[in-house]
Amino acid sequence: DGFYAALQNNDGSIFLGSQGSGLIQYKDGEYSSYKPAHGNIPKSIRSLLKIKNGEIFIGASNAGLFHLRNDSVRRIQNDQLLDATVMTMVEDSTGTVWIGTDGDGLFSLKDKVIRQFTREDGLASNNIEALALDPTGTLFIGTGQGLASLAPSGSRFVSLPTLSNNHINALL
């Protein structure tokens, strides 16, 4: 079983998002399958994000987005996200969670409102491989067809022409 994502949980343990065994927890020198008190963890986890309040978002392969809070997991109900593969996530300074998917574009989640952005909105591709924020809050979006950015106060995506048609699958 391979692992796609890792993060440190609030209790100091490490969560590992696995390719087919769900969420694995490393705690006190031992690995175990994490089973929440309520809800179900997806089997294939592509991305993990701990937001500022300590809650965790789980991005799944072909199963969308899940929210882990107080040992309870719930699936985020959104028609465009239900069967999506969530590749990457990042939280900005306003508390907006940006969600990059494999083929379904970019999503923003703020105060339970979800918005979808696609090529029609100026993205180079709907295959979002990587997300990162710089110190000014500019969001960088790595896609299968290049790099784009969105300024914190911006309303449109700007593509970096020198990287067009380049596969950007990691950003720091």
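Residues numbered from 1 in each chain as written. Predicted model: local features only at pLDDT ≥ 70, side-chain atom pairs only at ≥ 80, totals over all residues. Heavy atoms only, no water.

1. A closer look at the sheet that holds strand S1 (residues 3-8)
Spatial strand order, S1-S2-S3-S4: four strands in an open sheet with antiparallel pairing. Each of the sheet's edge strands pairs with one partner strand only, and the pair in question is S1 and strand S4 (30-33). The mean inter-strand angle of the sheet, taken between neighbouring strand axes irrespective of direction, is 25°. Direction of pairing for S1 relative to strand S2 (residues 14-18): antiparallel, over a ladder of five bridges. Paired with Ala6 across the strands is Leu16, a residue of S2. (Pairing = 2+ DSSP bridges. Helix = DSSP H or I, 4+ residues; strand = E, 2+ residues; numbered from the N terminus. Axes fitted to C-alpha atoms, helices over the stretch in contact; angles between N-to-C directions.)

2. As for the nonpolar core
Judged by nonpolar contacts, the single largest core of 15 residues is most densely connected at Phe15, Leu23, Ile41, Leu48, Ile58 and Leu68. Of all the secondary-structure elements, those providing two or more residues to this core are S1, strand S5 (45-50), strand S6 (56-60) and strand S7 (64-69). Sorting elements by how many residues they give to this core places S6 first, with three residues. If near-sequence neighbours (up to four positions away) are discounted, Ile41 is found in contact with Gly22, Leu23, Tyr34, Pro36, Ile58 and Val73. Counting 13 residues, the second-largest nonpolar core is a separate cluster that includes Ile51, Leu81, Ala84 and Ile99. (Core = buried A, V, L, I, M, F, W, Y, C linked by side-chain atoms within 4.5 Å. Buried < 20%, exposed > 50% of the residue type's maximum accessible area, 1.4 Å probe, protein only. Contact = heavy atoms within 4.5 Å.)

None of the figures reported here should be taken as evidence of function without further support.
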